[in-house]
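# Close look at the chain arrangement
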Amino acid sequence: MKNIITLLDVNIPIIQAPMAGVQDSQLAIAVSNAGALGSLPCTTLSVEELHKELTTIEKQTKNPINLNFFCHKITEPNHEQQAAWFKELAPFFNKYEIDPTTIKIEANRRPFSQEQLDVLTEFKPRVVSFHFGLPDKNLLDQLKEWGTTILSTATTIEEALYLQANGADIIIAQGLEAGGHRGMFLTDDLMTQMGTMALLPQIVEAVNIPVIATGGIANANCVKAAMTLGASGVQVGTSYLLCPEAKTSLLHRQAILSDEIKHTAITNIFTGKPARALINKAIQEIGALNPLAPTFPYATPAMATLRQIAESQDSNDFTPLWASQNTSGCNIIPAAEITKQLAKGI
């Protein structure tokens, strides 16, 4: 088995989890300059924005940064789904005086494509990771021609074996505690999902490539526990949310620090795919897992419209407050310091 330090070209086997909506390249650069692996979420970036961020990274660090993309199968919007969803959200549209016919239904998250790969050609990234499986083989082969290390997320043993057989160099074992989107791609059944400390050792035993643990890892003790169970490294996201380099909104920061909002839920109402977030009014009133939520990512436009108006009134009622079950590692300190504290568990 190849050494993960060599595969990632880092000093510390810690990956800052890519977190779309709450970070840009500045957090990734800070973590990479601290000796770990920063990550840039790329799935919501246009090709112009992607090029701009990669140019910024190239100017500010010589260390590798993980570029993260989604690999979901894109579909066209389903008009019947949208009609049912709008009906479900009608009380909130009425409250905020929103005309649902003005909401533009479009995908704000695109799967990895040749167009994005063409942007990467200029930069030839050393590390690229994927969520929801792997891209088409021809795209993956082009990345591998550059010597790029490929990571992808597994939420079950079956997904880990699939990733190993289809070109992944490292597997990220995502426990149920993890904030943000579940990386599940071989099943939609949430009953298959396990906690990190149950999933991790089973994946480590099943595969012969390095495994990164993620989900609820918030401090050095959590890191040590994961390493004891066979992880080659860890991926941490939530603990970085309050760092000054993060772009986490004030409302999101306040929610993390709040004594009133302490619990999270797996919910599909913000995007259409299961993801873990702090429980706010939207989750309470619409239901965490609502069967009427349109196919990913088409639940987003209506919720984003409600979010925009609510946030303008200083309310997080419709904000997807992504967070893991363990927010205890969140501190208002620089990302380099968070990384240093986590590294004590290696």
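Notes on the structure follow.

Criteria and thresholds
Residues numbered from 1 in each chain as written. Predicted model: local features only at pLDDT ≥ 70, side-chain atom pairs only at ≥ 80, totals over all residues. Heavy atoms only, no water. Helix = DSSP H or I, 4+ residues; strand = E, 2+ residues; numbered from the N terminus. Rg over C-alpha atoms; globule rule 2.2 N^0.38 Å. Buried < 20%, exposed > 50% of the residue type's maximum accessible area, 1.4 Å probe, protein only. Contact = heavy atoms within 4.5 Å. Lys, Arg positive; Asp, Glu negative; His and termini not counted. Charge placed at Lys NZ, Arg CZ, Asp CG, Glu CD. Core = buried A, V, L, I, M, F, W, Y, C linked by side-chain atoms within 4.5 Å. Axes fitted to C-alpha atoms, helices over the stretch in contact; angles between N-to-C directions. Parallel < 35°, antiparallel > 145°, perpendicular 65-115°, else oblique. Nonpolar A, V, L, I, M, F, W, Y, C, P; charged D, E, K, R; others polar. Pairing = 2+ DSSP bridges. Arc of directions from axis to C-beta. Phe/Tyr/Trp six-rings, centres within 6.5 Å; stacked < 30°, edge-to-face > 60°. Left-handed = near helix turned anticlockwise from the far one by under 90°.

A word on the overall build of the protein. Assigned secondary structure in the protein consists of 13 helices and 11 strands. What you see for the protein is a C-alpha radius of gyration of 19 Å, in line with the 20 Å of a compact globule of 346 residues. Here the C-alpha coordinates of the protein stretch approximately 55 × 45 × 40 Å along the principal axes. Within the span of the protein, comprising 346 residues, buried residues form 55% of the whole. In the protein, 67% of the contacts between residues at least 6 apart in sequence involve partners at least 24 apart. When the 25 positive and 33 negative side-chain charges of the protein are each reduced to one mean point, those points stand 5 Å apart.

Glancing now at the nonpolar core. One finds Leu54, Leu67, Phe69, Leu120, Phe130, Ile203 and Tyr240 to be the most contacted residues of the largest nonpolar core, which totals 66 residues. Among the elements that line this core, the one with the most residues is helix α2 (residues 25-33), at 5 residues. Non-local contacts of leucine 54, meaning those with residues more than four positions away in its chain, are made with Leu40, Leu67, Val119, Leu120 and Phe123. Core analysis: the next-biggest nonpolar cluster, separate from the first, contains 24 residues, Trp85, Leu89, Ala299 and Trp322 among them.

Let's shift gears to the packing of helix α4 (residues 79-95) against helix α12 (residues 300-312). The geometry of a pair of packed helices is captured by two quantities: the angle between their axes and the separation between those axes. Look at α4 against α12: their axes get within 11 Å of each other, and the N-to-C directions meet at 5 degrees. As the angle between them shows, α4 and α12 are arranged roughly parallel. From α4, Trp85, Phe86, Leu89, Phe92 and Phe93 reach across to α12, where they touch Ala302, Met303 and Leu306. Class assignment of the residues belonging to the contact of α4 with α12 gives a composition of 8 nonpolar, no polar and no charged.

Taken in spatial order, the 8 strands make up an open sheet running β1-β9-β8-β6-β5-β4-β3-β2, and their pairing is parallel. If you trace the sheet from one side to the other, it starts and ends with β1 (14-16) and β2 (38-41), each paired once. Averaged over all pairs of adjacent strands, the angle between their axes in this sheet comes to 25 degrees, without regard to strand direction. Examined bridge by bridge, β2 and strand β3 (residues 65-70) share 4 bridges and lie parallel to one another. Along β3, the bridge assignment pairs glycine 38 with isoleucine 65. Against the sheet, α2 touches β1, β2 and β3, its axis set at about 165 degrees to β2.

Once that is clear, we can look at helix α9 (residues 220-228). Of the positions making up α9, those classed as buried are Ala220, Cys222, Val223 and Ala226. Across the axial projection of α9, the buried residues extend over an arc of 160 degrees, all falling on one side. Among the exposed residues of α9, those oriented more than 90 degrees off its buried face are Asn221, Lys224 and Thr228. On its buried side, α9 packs onto α8 (196-206), β8 (211-214), β9 (233-236) and α13 (335-343). Just beyond α9, the residue with positive phi is glycine 230, at close to 110 degrees.

What the rule picks out here adds up to 11 aromatic pairs. Residues phenylalanine 69 and phenylalanine 112 carry aromatic rings whose centres are separated by 4.7 Å and whose planes lie at 55 degrees to one another, so their mutual orientation is tilted. Of this pair, phenylalanine 69 sits in strand β3 while phenylalanine 112 sits in the loop between α4 and α5 (114-120); the two residues are 43 residues apart in sequence, bridging distant segments of the chain. Residue class for phenylalanine 69 comes out buried when judged on its relative accessible area of 0%. Measuring from ring centre to ring centre gives 5.7 Å for phenylalanine 86 and phenylalanine 93, while their planes differ by 80 degrees; the resulting arrangement is edge-to-face. The residues phenylalanine 86 and phenylalanine 93 share a single accessibility class, namely buried.

Moving on: helix α7 (residues 157-165). Within α7 the residues assigned to the buried category are Glu159, Ala160 and Leu163. In a view along the axis of α7, the buried residues occupy a sector of 100 degrees, so they form one face of it. Along α7, exposed side chains directed more than 90 degrees from the buried face belong to Glu158 and Ala165. Where the residues of α7 are buried, they touch β5 (149-154), β6 (170-174) and α8. With its phi angle positive at about 115 degrees, glycine 167 sits one or two positions after the end of α7.

With that settled, the discussion passes to the sheet that holds strand β10 (residues 264-267). What the 3 strands build is an open sheet, ordered β7-β11-β10; its pairing is antiparallel. Each of the sheet's edge strands pairs with one partner strand only, and the pair in question is β7 (180-181) and β10. Two strands pair when backbone bridges link them, and β10 and strand β11 (residues 275-278) are joined in this way by 4 bridges, in the antiparallel orientation. Across the sheet, the residue bridging to threonine 267 is alanine 275, located in β11.

This brings us to the packing of α7 against α8. At their nearest, the axes of α7 and α8 sit 9 Å apart, and the two run at 35 degrees to each other. In this structure, α7 meets α8 at a crossing whose hand is right-handed. Facing Ile157, Ala160 and Leu161 of α7, the residues of α8 in contact are Leu199, Gln202, Ile203 and Ala206. Residues belonging to the contact of α7 with α8 are distributed by class as follows: 6 nonpolar, 1 polar and no charged.

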